[in-house]
Amino acid sequence: MKLIDSLFTIHETKSTDDGFSAEMSPIMDSCIYKAHFPGFPITPGACLIRIVGELVGKHVENDVVLSTIKNVKFLNVVIPSENMKLFVDVKVDSQLKVQAVVRDESSVFTKMSLQYSLK
């Protein structure tokens, strides 16, 4: 299951000098939010890692596979809301080593150091 368009809507992606930044919103009626957890949905940490991979794949115009999780820090819980805007700031090098931050306007939710390979 791809998370783009099933858990998150991507509104805009901008290239940066060393990667890209994406703006996205949660899809409130997603089956993932209905299951995790009914009545009090939160975004699973694994889904935050997965969405970064999907965005990296779009950026390099090729499917990628997560090969190593070097470090992941979950600093705050992502509790989805109707008008929530999340930002994913990604630095990616030529070897597909990725530094990513998931945040909103005022809080950082997750910081990640990941390694991908082409599928």
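These lines cover the structure that appears in this document, whether it is placed above or below. Bear in mind that the values here come from a model prediction, so they are computed numbers and not experimental data.

Along the polypeptide, Val 102 turns up in strand β5 (residues 97-103). Residue Val 102 is classed as buried on the basis of its relative accessible area, which comes to 0%. In the structure, Val 102 is positioned 10 residues away from Met 112 in sequence and 8.6 Å away in space, judged by C-alpha atoms. With residues up to four places along the chain from it excluded, the contact list for Val 102 reads Leu 48, Phe 87, Val 88, Val 108, Phe 109, Thr 110 and Met 112.

Consecutive side chains along a regular strand alternate between the two faces of the sheet. Counting buried positions along strand β2 (residues 19-26) gives 8 out of 8 residues, so the element sits mostly inside the fold. Burial along β2 is two-sided: the face carrying Gly 19, Ser 21, Glu 23 and Ser 25 and the face carrying Phe 20, Ala 22, Met 24 and Pro 26 are both buried. Bridge analysis of strand β1 (residues 8-16) against β2 gives 8 bridges, and the strand direction is antiparallel. Bridge assignment links Ile 10 to a residue of β2, and that residue is Met 24. The turn linking β1 back onto β2 is made up of 2 residues. Examined bridge by bridge, β2 and strand β4 (residues 86-92) share 6 bridges and lie antiparallel to one another. The partner of Ser 21 across the bridge, within β4, is Asp 89.

Procedures and definitions
As a convention, each chain's residues are numbered from 1 in the sequence order in which they are written. Under the rules for a predicted model, residues below a pLDDT of 70 receive no local features and side-chain atom pairs below 80 are neither given nor counted, while totals for whole chains, interfaces and linings still include all residues. Water and hydrogen atoms were dropped before computing side-chain values, which therefore reflect all heavy atoms in the structure. Helical segments are the DSSP runs of H or I of at least four residues, strand segments are the runs of E of at least two, and each set is numbered from the N terminus. Burial classes follow relative accessibility: with a 1.4 Å probe on protein chains only, a residue under 20% of its type's maximum area counts as buried, one over 50% as exposed, and anything between as partly exposed. In what follows, residue pairs with any heavy atoms lying within 4.5 Å of each other are defined as contacts. DSSP-based pairing: two strands are paired if at least 2 bridges between them are found.

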